[in-house]
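Fold and contact review
Listed below, chain by chain, are the residues.
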Amino acid sequence: VEGKCGREAVVSTQSTGEIEGLKPECAQVKEDVEDTQKSIDDLQWRSDLVSKKIQETVDATKVVMKIQKQTDDSIEDILKKIDELEVELAQGQETEKQLQSNLNHIQDNQLLLRNQHKARLDKRLGLFRELKENVEELIEQNVVSAEQYNKLQAKHLKAKSDYQTVLDQKLDLETSVKEIVKVAALQKRMHKALISYYMHRGYHNRIVLTDFGKGATVNLLQLEKIHRNLLDVIGKTDIYLGKHGSGVVRKQPRIPSADMQKAASDLGRLPILIETPPPVREGHRRQTATDTDAGDTRPNTNFTDR
């Protein structure tokens, strides 16, 4: 068509009239060419689509073939397993027959054992009845033995109680003897302590009496001195009253008698009737003087207060 158009162009230079007459035909031809091109494109698209569909169909066919092959393999495996199961079924049936035979044999043995057990049980029941009678007899004998045992046990307990009582008395006596020995030892010690105490107390009382005698002598001397002073005062008073002629007559003061003076002098030199006591420390002397049973025996030289 293009070559034809080229020729028409060449011809158009030669003949303008002819070109003008061919222009509508060329336009129609172009339209036909365009339509044809569209048809070709459409056919090309359809061809591609069909090719794609064919390719998909081929792929699907491959997958189906693969699945069919796997199915065939699975069928073969299943057939093999079926064969194995048939073999196992045959073996199981054979085993079942053997088990049934064994079961029959066991049932026969059970029947035999049941009969033997029954016979053995009857024998043991007879033995049980016999042993039961023997046990009842032995129980009666045990009751009699228990009564005898209780009596002997009571005697034994009584003898044990008596022995325990005697043992307790013996222990009490031994304890009493030990306590008596301890008390005797304590009494001996107490006796010695009392002897020592009363000896020292006698020494102390002797010292107190000696101090008392010394104090009495001192007091007597003081009384004599006071008496002389009083006599002087009374004499002077009488002289004064005589001079002034008051006429008052006073009694003469009582002069201490010779017995009283002798007793006071004897108190100052009491005789020693016991052994001379050992020297006593001053602290011990004060303690014994304050701890005597007669109370406070310390010497008091204030005879006027007494």
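Worth saying up front: this structure is predicted, and the values here are computed from it rather than measured.

Before going further, it helps to examine the overall build of the protein chain. When helices and strands are counted, the protein chain shows 4 helices and 0 strands. What you see in the protein chain, going N to C, is helices and strands ordered as α-α-α-α. The 306 residues of the protein chain split such that 7% are buried. Taking the intrachain contacts of the protein chain between residues at least 6 apart in sequence as the baseline, contacts between residues at least 24 apart amount to 71%. Counting only carbon and sulfur atoms, one obtains 59% of the accessible surface of the protein chain, whose full area is about 26500 Å².

This structure, assessed with the given rule, holds 1 aromatic pair. Seen in terms of ring centroids, Y197 and Y198 are 5.1 Å apart; in terms of plane orientation they differ by 70°. Their pairing is edge-to-face. According to the relative accessible area criterion, Y197 is partly exposed, its value standing at 33%. Taking relative accessible area as the criterion, Y198 reaches 47% and is therefore assigned partly exposed.

Scanning the model with the defined rule gives 2 salt bridges in all. Note that D42 is salt-bridged to R46, the shortest N-O span being 3.0 Å. Taken as a pair, D42 and R46 lie in helix 2 (residues 16–244) at a separation of 4 residues, close to a single helical turn. Overall, the relative accessible area of 34% leaves D42 in the partly exposed class. Judged by relative accessible area, R46 falls into the partly exposed class, the value being 48%.

A surface patch of negative charge is lined by E130, E133, E136, E137 and E140. Along the chain, E133 turns up in helix 2.

Our next topic: a nonpolar patch on the surface. There is a patch of nonpolar side chains on the surface, built from I75, I78, L79 and I82 and spanning about 340 Å² of accessible area. Since its relative accessible area comes to 36%, I82 is described here as partly exposed.

The next subject is the confidence of the model for the protein chain. Mean pLDDT over the protein chain works out to 76, with 73% of the residues at or above the 70 mark. Per-element confidence in the protein chain is highest for helix 2, whose mean pLDDT is 87, and lowest for helix 4 (residues 282–290), whose mean pLDDT is 41. Per-residue pLDDT stays below 50 along residues 246–253; that stretch engages in 5 contacts with residues further than four places along the chain or on separate chains.

Reading guide: rules and limits
Residues numbered from 1 in each chain as written. Predicted model: local features only at pLDDT ≥ 70, side-chain atom pairs only at ≥ 80, totals over all residues. Heavy atoms only, no water. Helix = DSSP H or I, 4+ residues; strand = E, 2+ residues; numbered from the N terminus. Buried < 20%, exposed > 50% of the residue type's maximum accessible area, 1.4 Å probe, protein only. Contact = heavy atoms within 4.5 Å. Areas by Shrake-Rupley, 256 points an atom, 1.4 Å probe, with all protein chains shown as cover. Phe/Tyr/Trp six-rings, centres within 6.5 Å; stacked < 30°, edge-to-face > 60°. Salt bridge = Lys/Arg side-chain N within 4 Å of Asp/Glu carboxyl O. Patch = residues over 30% accessible without salt bridge, like charges linked within 9 Å, V, L, I, M, F, W, Y side chains within 5 Å. Lys, Arg positive; Asp, Glu negative; His and termini not counted. Charge placed at Lys NZ, Arg CZ, Asp CG, Glu CD. pLDDT = per-residue confidence, 0-100.

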